[in-house]
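Structural features, examined
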Amino acid sequence: MSAHSLQPTLRDEDFNELASALNAKSGEAVHNRLYSNGKDGLHLYRVPELKIIATYLKKKLNVHVTGFSSMNKKDLVDWISNGLHRQDAGAAAGKRERVPRAVPASSHHHSSHLSSSQHSHAAHFELIAARITPNPFFEVVQTLAVKDVMASQVRLSFTLEQTWNSPFHGKPRSVHARIFEPLEAWAQQGQRMKETAWVTTGGLYVNNNQVVGLPKKRKQPHIAANSNHATPPVVLDRYVYAGHNSVAILTAGERFWFIVQIGNVREVDEVQEEILRQGPDTGAYCGRSILQQLLGESESDDIACTDLEVSLRCPLSMLRINLPAKGRNCNHLQCFDLSTFLEYAKKHSFWLCPNCHKPLPPAELRVCSLFGEILNSVSSEADKCKIMPDGSFKEVAEGEERLAEEEHRKAKKAKLETQQQQQQQ
């Protein structure tokens, strides 16, 4: 196929359709990212979003290309870039490195060539999966099964190749299952799917074995209100094997989407390095901006912090913070230790700020340069620090801290007594 035979005619309606699928602000925003910023713009998309763009572009180019689900981010960016510039996208895809592929549930053989019906299933799976908030510790290779669970008993199946659990570039492979709220709850707004927990704790069987340890709904108000940021996936590695795998789901009448994916497991160090490459936060709620507002240098009063004393211990480990971080949209000075937070998030799939309990997606994590300066300005034994009106830092001595606590206790007691006297009058 010659390069001149590729004529991608993407019109305004195409960019609008892509914007809807990608949950982008507008078709114009998609157009600018695809054409104005080159590969740098494409790298801003996540792998599931790149797969949507590649599938859409393949249809426009009218070329026969398979295996998008097994491409890594670099391969997808290269293929899309070549396609957009009217190069031989088919040849570009042929040069990619092949990775072990998982076969969709509708296939009953191990051939890498899928029928048109199987391609339709795979495309449907990927479109649904693109609505999922990505887990930074799980690099999805392929979506194996998607099921809208509406009955009290549902059965489905999927197939894994012989090499499904072979490490890829040193990264172990894993099979995860997740459940999400019904379609109507998120489709109308074009939002990402909202993850939920299991109501029927013994309701999942894989290859006739009951899956134990299904994540339950948690009762804490801030977690119950944000279950899509605090629900771990169900790891199926010990229940699945190469070949045909059967799944049975039992419910008490609840409805949800059930999704199974295979992917590469990523380590905390790798995710932390990605965050560090983004540099410190400079947004409206970065440490310096909040400090300016607290010191009266800004007209904004949308700040949650009421004093200028910060703890130098991580709220998760209670150890001294080493690498201070917070969410870009968290309106407080207090930070946590980035490594500790990532370790906790990987173990519990917990993506809520430990200080203000707001949802804290991985993409919003930023290192706080101001808090780093605070840590460097006080002794290694200090637990707390005060930020003075002139912006300087003062270590809180142990005796001073006890005195401040006593004064706070007395002031609180006096206020309570005054309120009681007023009520008696």
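Residues numbered from 1 in each chain as written. Predicted model: local features only at pLDDT ≥ 70, side-chain atom pairs only at ≥ 80, totals over all residues. Heavy atoms only, no water.

**So, helix α5 (residues 73–84)**
With twelve residues, α5 extends 16 Å between its outermost C-alpha atoms, agreeing within 8% with the 16 Å of an ideal straight helix rising 1.5 Å per residue. Most of α5 is tucked away: ten of the twelve residues are buried. Three or more residues of α5 are buried, namely Asp75, Leu76, Val77, Asp78, Trp79, Ile80, Ser81, Asn82, Gly83 and Leu84. (Helix = DSSP H or I, 4+ residues; strand = E, 2+ residues; numbered from the N terminus. Expected span 1.5 Å × (residues − 1). Buried < 20%, exposed > 50% of the residue type's maximum accessible area, 1.4 Å probe, protein only.)

**Concerning the packing of aromatic side chains**
In total, this model carries six aromatic pairs according to the counting rule given. Between phenylalanine 341 and tryptophan 351, the aromatic rings sit 5.8 Å apart at their centres with planes inclined by 70°, giving edge-to-face as the arrangement. Placement of phenylalanine 341 in helix α11 (residues 338–348) and of tryptophan 351 in the loop between α11 and β12 (365–367) is noted, with a sequence separation of ten residues between them. Exposure remark for phenylalanine 341: the relative accessible area of 1% places this residue in the buried category. (Phe/Tyr/Trp six-rings, centres within 6.5 Å; stacked < 30°, edge-to-face > 60°.)

**Description of the sheet that holds strand β3 (residues 173–180)**
Pairing is antiparallel in the open sheet, where four strands are placed in the order β1-β8-β3-β6. The open sheet terminates on both sides in strands that have one partner only, identified here as β1 (138–149) and β6 (234–235). Sheet topology note: the β3/β6 ladder contains two bridges and is antiparallel. If you follow histidine 176 over to β6, its bridge partner there is valine 235. (Pairing = 2+ DSSP bridges.)

**Here's the deal with α11**
Turning to α11, its buried residues number three or more, namely Leu338, Phe341, Leu342 and Ala345. All buried residues of α11 fall inside an arc of 95° around its axis, so they share one side. Contacts from the buried residues of α11 go to α9 (268–277), β10 (324–327), β11 (336–337) and β12. Sitting at the amino-terminal end of α11 is aspartate 337, which places a side-chain oxygen 3.4 Å from the backbone nitrogen of serine 339. A positive phi of about 50° marks serine 349, the residue just after α11. (Arc of directions from axis to C-beta. Contact = heavy atoms within 4.5 Å. Polar contact = N/O pair within 3.5 Å; in protein donor to acceptor, adjacent residues only side chain to side chain.)

**Things to note about the packing of helix α1 (residues 12–22) against helix α4 (residues 47–61)**
Where α1 meets α4, the closest approach of the two axes is 10 Å, and the angle between their N-to-C directions is 150°. Between α1 and α4, the interaxial angle falls into the category roughly antiparallel. In this structure, α1 meets α4 at a crossing whose hand is right-handed. Contacts between α1 and α4 pair Asp14, Glu17, Leu18, Ala21 and Leu22 from the former with Glu49, Ile52, Ile53, Tyr56 and Lys60 from the latter. When grouped by side-chain class, the residues that make up the contact of α1 with α4 number six nonpolar, no polar and four charged. (Axes fitted to C-alpha atoms, helices over the stretch in contact; angles between N-to-C directions. Parallel < 35°, antiparallel > 145°, perpendicular 65-115°, else oblique. Left-handed = near helix turned anticlockwise from the far one by under 90°. Nonpolar A, V, L, I, M, F, W, Y, C, P; charged D, E, K, R; others polar.)

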